[in-house]
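Notes for the structure review
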Amino acid sequence: MCAVQRAFAAQTARCHGVRAALGTGCRGRGLFASEAIATGDAVITVPRDVWRPLSAEAARDKAPANIVAALHDIDGRVGAGGQLARAMLCSLNVLADADSAYVTSLPPPPSVPVLWDATQCAALEASPLRAKAAATRRLWTACHASLQLKLDLEPFLCLVALVRSRAYSRRPVFTMVPVLEMANHDAQPNCDLRFDEAQGAFALVALADVAAGAELTVSYGPLSNLEILDAYGFTIPRNEHDGLSFAVADASADVLTAGSPLAPAALKHYRRVRMTTEDGVNAAARGHAGSGVDYSRPLTLRNERAAVRDVIASVEERLSAYPSSPDDDASALEGGSLPDWERDAVRVRLG
């Protein structure tokens, strides 16, 4: 038995009703059913005394008051609602337990953009994720300075990225949950992670019958590839949550946009820009003078065409900022030769 398996066994020994084992599959290291499991059955239950010492609340109770205050000050300044401070405090707990069997059983840090080098980040050019990752890195760096740790910055960033990707962060708790945090994501999960606040226990519950040896998966949420890469360090082919839905104007009211994917909100803006005296007279005649003009309907065909042209030009300008065209990106993905990080960046661009 390898060190990771021994460490995992030490963790499961403290849990209840364990019907899972650590294994490796197409998603990497994860949880697998050690026996057949019926729908609605608990696969593993993690009691309070196992997860509570690894929680942000436990770290807050034993951390120096000035450290806690500094983290909450940074959190307040960026409007994180306490979640940033909790993530940092949770990371401190993992750091303090660095030589334990629990930490040994954890996977390596995820490949999230906040940890990428300049060459990798350049692949996200024009994507909002590039700016978001840079802002997150600056934020975590400020937290590192406030904590006054002996741990260097880069290992600290890796630690926080790991905690953020694995921690249970739904209120009222923010904590690492031994064993259960090894469950990987699937858009069609066969399990659900639940917290019983009254009992103070976490449980992995089967959503469907699971055969012995099958991987136990949960859903991280209805996330786009941008959101998944940002938090968890991977992307999903043909992610259904990457799409954008636009309402289409009724054909009888807006003949130029009927059947068009152009967003009515964008057209409304450009209609306002293209308003002319003629349009103002027409609007007044319909009883919609001044600020009460009804921009949701076409005013003149000329203005409608101008508004549509403006929207198209804006989309083309935004697309031109990307390092490659959508067709080039699609071809690169089909080639299958991209390194993992670049494949993920391309999927984010296409999303």
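Heads up: the structure comes first, above all this text.
Residues numbered from 1 in each chain as written. Predicted model: local features only at pLDDT ≥ 70, side-chain atom pairs only at ≥ 80, totals over all residues. Heavy atoms only, no water.

A word on the environment of Ala-21
Selection rule: Put simply, DSSP H or I for four residues or longer makes a helix, DSSP E for two residues or longer makes a strand, and each gets a number counted from the N terminus. Summary of the burial criterion: residues with accessible area below 20% of their type's maximum are buried, those above 50% are exposed, and those between are partly exposed, where the area comes from a 1.4 Å probe applied to protein chains only. A contact between two residues is defined here by any heavy atoms of the two lying within 4.5 Å.
Turning to its location among the elements, Ala-21 is positioned in strand E1 (residues 20-25). A relative accessible area of 33% means that Ala-21 is categorised as partly exposed. Expressed as a C-alpha distance, the spacing of Ala-21 and Gly-213, which sit 192 residues apart in the sequence, is 8.8 Å. Once residues within four sequence positions are removed from consideration, Ala-21 is found in contact with Phe-8, Gly-30, Leu-31, Phe-32 and Ser-34.

Some details on the pattern of salt bridges
Inclusion rule: Whenever Lys or Arg places a side-chain nitrogen within 4 Å of a carboxyl oxygen from Asp or Glu, that contact is recorded as a salt bridge.
All chains considered together, the criterion is met by 16 salt bridges. Two residues, Glu-215 and Arg-27, come together in a salt bridge whose shortest N-O distance is 2.8 Å. Taken together, the residues Glu-215 in strand E7 (residues 215-218) and Arg-27 in the loop between E1 and strand E2 (28-33) connect sequence positions 188 residues apart. Residue class for Arg-27 comes out partly exposed when judged on its relative accessible area of 34%. Salt-bridge contacts for Asp-230 lead to Lys-132; the nearest nitrogen and oxygen are separated by 2.6 Å. Placement of Asp-230 in helix H10 (residues 225-232) and of Lys-132 in helix H8 (residues 128-147) is noted, with a sequence separation of 98 residues between them. The exposure class assigned to Lys-132 is partly exposed, which follows from its relative accessible area of 39%. Ionic contacts of the salt-bridge type, sharing partners, join the residues Arg-19, Glu-35 and Asp-41 into one network.

A closer look at empty space enclosed by the protein
We count it as follows: Using a grid of 1 Å spacing that covers the protein atoms alone, one calls a set of points a cavity when a 1.4 Å probe fits there but cannot get out, and a pocket when the set is open and has protein on both sides within 12 Å along at least five of seven lines; lining residues are those with an atom within 4 Å of a point. Grid points are joined across faces, edges and corners, and a volume is the space filled by probe spheres set on the points. Amino acids outside the nonpolar list (Ala, Val, Leu, Ile, Met, Phe, Trp, Tyr, Cys, Pro) and the charged list (Asp, Glu, Lys, Arg) are all regarded as polar, and Gly is one of them.
Per the stated rule, a full pass over the model turns up one cavity of 30 Å³ or more. When its volume is computed, the largest cavity comes out at roughly 30 Å³. Considered class by class, the residues forming the lining of the largest cavity number five nonpolar, two polar and one charged.

Some details on the packing of helix H5 (residues 83-96) against H8
Just so we agree on the cut-off: Here, axes are lines fitted to C-alpha atoms. For helices the fit covers the stretch in contact, and angles between N-to-C directions go from 0 to 180 degrees. In these notes the angle categories are as follows: under 35 degrees is roughly parallel, over 145 is roughly antiparallel, 65 to 115 is roughly perpendicular, and the rest is oblique. A crossing counts as left-handed when the near helix is turned anticlockwise from the far one by less than a right angle, and as right-handed when that turn is clockwise.
At a minimum axis separation of 11 Å, H5 and H8 run at an interaxial angle of 55°. Judged by the angle between their axes, H5 and H8 are oblique. When the axes of H5 and H8 are compared, the crossing they make is right-handed. In this structure, H5 contributes Leu-84, Met-88 and Leu-92 to the contact, and H8 contributes Leu-139, Trp-140, Cys-143 and Leu-147. Class assignment for the residues of the contact of H5 with H8 results in seven nonpolar, no polar and no charged.

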